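Descriptive analysis of the structure
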Amino acid sequence: MRTRTTTATTGLVAALAALLVLAGCTAPAGSPRGAVSSGPSAPAPGGAPGFEGPRPQDQNLLAWTGDPNDAGHVTAQTSAGVGGRITLVRIVLREEITWSNIWLGLAGLDPNAQLANCHLGVYDAKGTLVGATPDISPQLMTEPIAKPFPLAKPFTAPPGTYFIALLLNGSWATNALTLKSTGAGISVNAGLTPPHLRYSTILTGQTSLPASVDLAEQSTSTIHTGWASQWYAVS
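Residues numbered from 1 in each chain as written. Predicted model: local features only at pLDDT ≥ 70, side-chain atom pairs only at ≥ 80, totals over all residues. Heavy atoms only, no water.

The subject of this paragraph is the overall build of the chain. The number of helices and strands found in the chain is 2 helices and 13 strands. Counting only residues that meet the buried cut, the chain has 39% of its 235 residues in that class. In the chain, the share of contacts with a sequence separation of at least 24, taken over all contacts with a separation of at least 6, comes to 79%. A total accessible area of about 12,700 Å² is found for the chain, and carbon and sulfur atoms account for 57% of it. (Helix = DSSP H or I, 4+ residues; strand = E, 2+ residues; numbered from the N terminus. Buried < 20%, exposed > 50% of the residue type's maximum accessible area, 1.4 Å probe, protein only. Contact = heavy atoms within 4.5 Å. Areas by Shrake-Rupley, 256 points an atom, 1.4 Å probe, with all protein chains shown as cover.)

See the structure below:
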C-alpha cells in the first residue's frame, strides 16, 4: 500500500512539473519563465501604436495645425490691425511630403470688402520662403468653407519646422471676414520664445511675401489684441 501511494505521488509531481514547463514555454515574450498570461498585454516599445485620435490622413490631408473639428470662429482684426502684417503659424512635419496646397478655414465673408495683394506662403525654419500662392483675394470673397489654396509651385518638404504665412491687404468689416481657429491666441505660445513661436506676426507694410524673414523678430503684440490662431492644413 505504501508503495502504491509513493508511486501515485511521484506521478502527480511529474505531471505538475510538465504543466509548469509548458506554461513557461507559452508565456508572453518578456514574462518570467513559468508566468501565466492573464490576457492581452500592452504593445512592447517600438511596437504598433494604439489609437492616437484623428489624423490628417483620415481626411485626405498630409498635415494640419490641429483637428478641424476643434476649430472655432475667429473674428478678423480691422484692416488697420493686420493689413500689411505677415501672420505666422508654426507647423511641424514628421515625414517628407510634397506640399502643393495650403488649406485655410474661411468662416465668414464680407461682400463689401476691398481686397488686394493677399497671399499665403510657407517659410522654413531659417526664415526662407519655400512656397507661396498667387493673390488669393478673389477666393476670400467666395465660399466660406475650408478650402485649398494652391501654391504657385509645389515643393518637396523634408521633416522639420515650417511657418505658414498669411498676408492680408485691403479693407473689410471686422465681424464679417472671419477665419477658423484651432483655439487660443495668447496661450498658444506658452513656454516658447522667438524664433520658435507657434503664432506670431512679423513685419508691416507688406504687399507681397518677402524672400526671407528674420524669425527672431516674431512679435505677439497683435496676437495679444485678439487675432486668434488660424487653422491650416496641408495637401
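This part is about the confidence of the model for the chain. Mean pLDDT over the chain works out to 83, with 77% of the residues at or above the 70 mark. Across residues 1-45 the pLDDT falls below 50, and counting only partners more than four positions away or on other chains, this stretch makes 10 contacts in the model. (pLDDT = per-residue confidence, 0-100.)

Next up on the list: the nonpolar core. Membership of the largest hydrophobic core comes to 37 residues, with the highest contact counts inside it found for Trp-99 and Trp-227. Of all the secondary structure elements, the ones that give two or more residues to this core are β3 (86-93), β4 (97-108), β6 (119-124), β8 (146-157), β9 (160-167) and β13 (232-234). The element that contributes the greatest number of residues to this core is β4, accounting for 5 residues. Ignoring any residue separated from it by four or fewer positions in sequence, one finds Trp-227 in contact with Val-74, Thr-75, Ala-76, Gln-77, Val-82, Thr-87, Leu-166, Leu-168, Leu-179, Tyr-199, Thr-201 and Thr-222. Listed in part, the 10 residues of the second largest apolar core include Leu-88, Tyr-123, Leu-167 and Leu-215. (Core = buried A, V, L, I, M, F, W, Y, C linked by side-chain atoms within 4.5 Å.)

As a further point, take the side chain of Thr-65. If you trace the backbone, Thr-65 turns up in the loop between β1 (63-64) and β2 (72-75). Thr-65 sits in the buried class, given a relative accessible area of 15%. Setting aside chain neighbours within four positions, we find Thr-65 in contact with Val-89, Arg-90, Ile-91, Thr-182, Arg-198, Gln-230, Trp-231 and Tyr-232.

Attention now goes to the packing of aromatic side chains. Summed over all chains, the structure comprises 2 aromatic pairs. Ring centres 5.5 Å apart and planes at 20° place the aromatic pair Trp-99 and Phe-155 in the stacked group. Taken together, the positions of Trp-99 in strand β4 and Phe-155 in strand β8 put the pair 56 residues apart, joining distant regions of the chain. According to the relative accessible area criterion, Trp-99 is buried, its value standing at 0%. (Phe/Tyr/Trp six-rings, centres within 6.5 Å; stacked < 30°, edge-to-face > 60°.)

The next subject is the sheet that holds β9. Strand order in the open sheet made by the 5 strands is β7-β6-β9-β3-β12, with antiparallel pairing throughout. Pairing within the sheet leaves two strands with one partner each, and these edge strands are β7 (129-132) and β12 (199-202). Adjacent strand axes in the sheet meet at a mean angle of 30°, parallel and antiparallel pairs treated alike. Pairing analysis gives 4 bridges linking β3 to β12, with the strands arranged antiparallel. (Pairing = 2+ DSSP bridges. Axes fitted to C-alpha atoms, helices over the stretch in contact; angles between N-to-C directions.)

In the sheet, β6 pairs with β7 via 3 bridges, with the strands oriented antiparallel. Bridged to Gly-121 within β7 is Ala-132. The turn linking β6 back onto β7 is made up of 4 residues, and Gly-127 within it adopts a positive phi angle of 90°.

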